[in-house]
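# Topology and contacts: notes
One-letter residues, chain by chain:
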Amino acid sequence: MTLQQLRYVIEVARSRSISKAAQTLFISQPSLSNALKELEKEIGVKIFSRTNKGIHVTKEGSEFLGYARQVLEQAELLENRYSNNATPQHHFAVSAQHYAFAVSAFVRLLKDYDRDEYDFTFRETRTYEIIEDVKNLNSEIGIMYINDFNEQIIRKFLREGNLAFHHLFEATPHVFISGDNPLAKKDYVTLEDLEPYPYLLYEQGDYNSFYFSEEILSTLTRPKNIHVRDRATMFNLLIGLNGYTISTGVISQRLNGDNIIAVPLKVDEIIHVGYIVHKDMELSPMAQTYISYLQTSIDEEQQNLP
C-alpha cells in the first residue's frame, strides 16, 4: 500500500467518479481503475460499489477512508516538518442546511485562523447530502435539524451511516418574511394568515421526501409554492414576492441585513437543531473550534428573536 494509492482512493471518494478523479489526478482512467482494484485486493475490502448511477463508498470503505485521511495528514505533517519547515495547509469542511448562524461561525473560524494557506469548504446543501457528506468523510461536521415528524427516519439514516447527532439548541417555528410584508407588524402569524402568500422552500432533489424537507410542516398543502436551491434566491423572492418560509427564526442581520425579519408562527412544534459527526472519527481541533463558534453565533443571533 502506498501514499499514492491512498490519494487516489480519497480523490475518487470526493468526486464520486473514476473518470473525473482521473482527470484531477492527471492519470488515465484505466490506470486509476487498476490501482483501485489492486488496493482493494491487497486490503481485502471493497471500498467502492459501482452502479449505473456512479460510484458509492461502502460501509467498510468509509472506515478505510477515515484511516487513509489520517495517514495522509500525518505524512503531510512529516513532509512539512522535515523537508522545508513550512506550515502545513489545513483542510476543513462543513455541510449544512441553510442557516445563517452556520455561516457566521465559519466566518469567525476563518478570521481566527488567519494563515497564509488553508483549504476550507462550506457546503449549503440538501439534507440527504449532508448525511452522505459526513458519512463518507467529505465533511467533518454536518448541521441540520430533527423534530417529532422526521426524527425516526433521520435517526435511521444516522445509525446506518454510523453518525451521531449532537444538540445545539431548540427553537419554536418562525416565518421569515420581508419587512414590507403586511404580516410584518403582527406579534405572531397563523397558517391561515399565510395562505394568500407564496411559500418558499428548499428543493431536495432525488430525495425530495417530506422527511428530508428543510422546513417543518412539509406535508401541508399550500396553494402557492416556489422551490429554490440557495439562500440568496430565497431572500430575494421573500422580498420581491412577499413570500414566506418557515425556519428557526435565528437570522444574522450582520450577514443578511434588516430586510428579512422573523415572526413567530403559532403552531405546536419544536425544532431541534444540532450537528452530526462520524462516530469513528475524533474531532480535529479545527472542528472543535468551529463548534464553539457555532454556539457563540447562535447565542448572539437568538438575542434578536421577537
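Residues numbered from 1 in each chain as written. Predicted model: local features only at pLDDT ≥ 70, side-chain atom pairs only at ≥ 80, totals over all residues. Heavy atoms only, no water.

### Structural notes on the pairing of strand E7 (residues 174-178)
Counting buried residues along E7, five of its five residues qualify, which places the element largely inside the surrounding structure. Bridge count between E7 and strand E10 (residues 245-247): three bridges; the pairing is antiparallel. When the bridges of E10 are listed, His174 appears paired with Ser247. As defined by bridge partners, E7 adjoins strand E11 (residues 260-264) across five bridges and the pair is classed as antiparallel. What sits directly across from His174, in E11, is Pro264. (Buried < 20%, exposed > 50% of the residue type's maximum accessible area, 1.4 Å probe, protein only. Helix = DSSP H or I, 4+ residues; strand = E, 2+ residues; numbered from the N terminus. Pairing = 2+ DSSP bridges.)

### Re the packing of helix H2 (residues 18-25) against helix H3 (residues 29-43)
Helix-helix packing: each pair is described by the crossing angle between the helix axes and the interaxial distance. Close contact between H2 and H3 brings their axes to 9 Å; oriented N to C, the two are set at 105°. In terms of orientation, H2 and H3 fall into the roughly perpendicular class. Along the contact surface, H2 presents Ile18, Ser19, Ala21, Ala22 and Leu25, while H3 presents Gln29, Leu32, Ser33 and Leu36. (Axes fitted to C-alpha atoms, helices over the stretch in contact; angles between N-to-C directions. Parallel < 35°, antiparallel > 145°, perpendicular 65-115°, else oblique. Contact = heavy atoms within 4.5 Å.)

### A look at the nonpolar core
Counting residues in each nonpolar core, the largest one holds 45 residues, and the members touching the most others are Phe92, Phe101, Ile141, Ile143, Val175 and Tyr290. Elements that contribute at least two residues to this core include exactly strand E3 (90-96), helix H5 (100-113), strand E5 (141-146), strand E6 (163-171), E7, strand E8 (199-202), strand E12 (271-278) and helix H11 (285-302). No other element matches the seven residues that H11 contributes to this core. In contact with Ile141, other than residues within four places in its own chain, are Phe92, Ala93, Val94, Ser95, Val134, Tyr275, Ile276, Val277, Ala287, Tyr290 and Ile291. In this structure, Leu6, Ala21, Leu36 and Leu137 belong to the second largest nonpolar core, which totals 22 residues. (Core = buried A, V, L, I, M, F, W, Y, C linked by side-chain atoms within 4.5 Å.)

### Here's the deal with a negative patch on the surface
Taken together, the side chains of Asp112, Asp114, Asp116 and Glu117 present a region of like negative charge at the surface. Tracing the backbone through its elements, the reader meets Asp116 in the loop between H5 and strand E4 (118-124). We classify Asp116 as exposed; its relative accessible area is 85%. (Patch = residues over 30% accessible without salt bridge, like charges linked within 9 Å, V, L, I, M, F, W, Y side chains within 5 Å. Areas by Shrake-Rupley, 256 points an atom, 1.4 Å probe, with all protein chains shown as cover. Salt bridge = Lys/Arg side-chain N within 4 Å of Asp/Glu carboxyl O. Lys, Arg positive; Asp, Glu negative; His and termini not counted. Charge placed at Lys NZ, Arg CZ, Asp CG, Glu CD.)

### Overview of the packing of aromatic side chains
All told, the structure shown has 13 aromatic pairs when counted by the stated rule. Both rings, one in Phe106 and one in Phe120, keep their centres 6.3 Å apart while their planes meet at 65°; by these two values the pair is edge-to-face. Of this pair, Phe106 sits in helix H5 while Phe120 sits in strand E4, and the two are 14 residues apart along the sequence. On the basis of relative accessible area, Phe106 is assigned to the buried category, the value being 11%. (Phe/Tyr/Trp six-rings, centres within 6.5 Å; stacked < 30°, edge-to-face > 60°.)

### Digging into empty space enclosed by the protein
Counted according to the given criterion, the structure contains three cavities of 30 Å³ or more. Approximately 170 Å³ is the volume found for the largest cavity. If you go around the largest cavity, you meet 16 residues; those closest to its centre are His98, Phe176, Tyr202, Glu214 and Ser247. Among the residues making up the lining of the largest cavity, the classes are represented as nine nonpolar, four polar and three charged. In this structure, the second largest cavity encloses a volume near 60 Å³. Considering each element in turn, the lining of the second largest cavity owes the most residues, five residues, to helix H4 (residues 59-84). Its residues assigned to classes, the lining of the second largest cavity shows three nonpolar, four polar and two charged. (1 Å grid on protein atoms, 1.4 Å probe; cavity = no way out; pocket = protein on both sides within 12 Å on 5 of 7 lines; lining within 4 Å. Points joined across faces, edges and corners; volume = space filled by probe spheres on them. Nonpolar A, V, L, I, M, F, W, Y, C, P; charged D, E, K, R; others polar.)

### Here's the deal with the environment of Leu183
For Leu183, the position within the fold is in the loop between E7 and helix H8 (191-194). On the basis of relative accessibility, which here comes to 7%, the residue Leu183 falls in the buried class. Considering only alpha carbons, one finds Leu183 and Ile130, 53 residues apart in sequence, at a separation of 33 Å. Not counting residues within four places of it along the chain, the set of residues in contact with Leu183 comprises Ile177, Val189, Asp193, Leu194, Tyr197 and Val263.

Treat this as a map of the structure, not an account of what it does.
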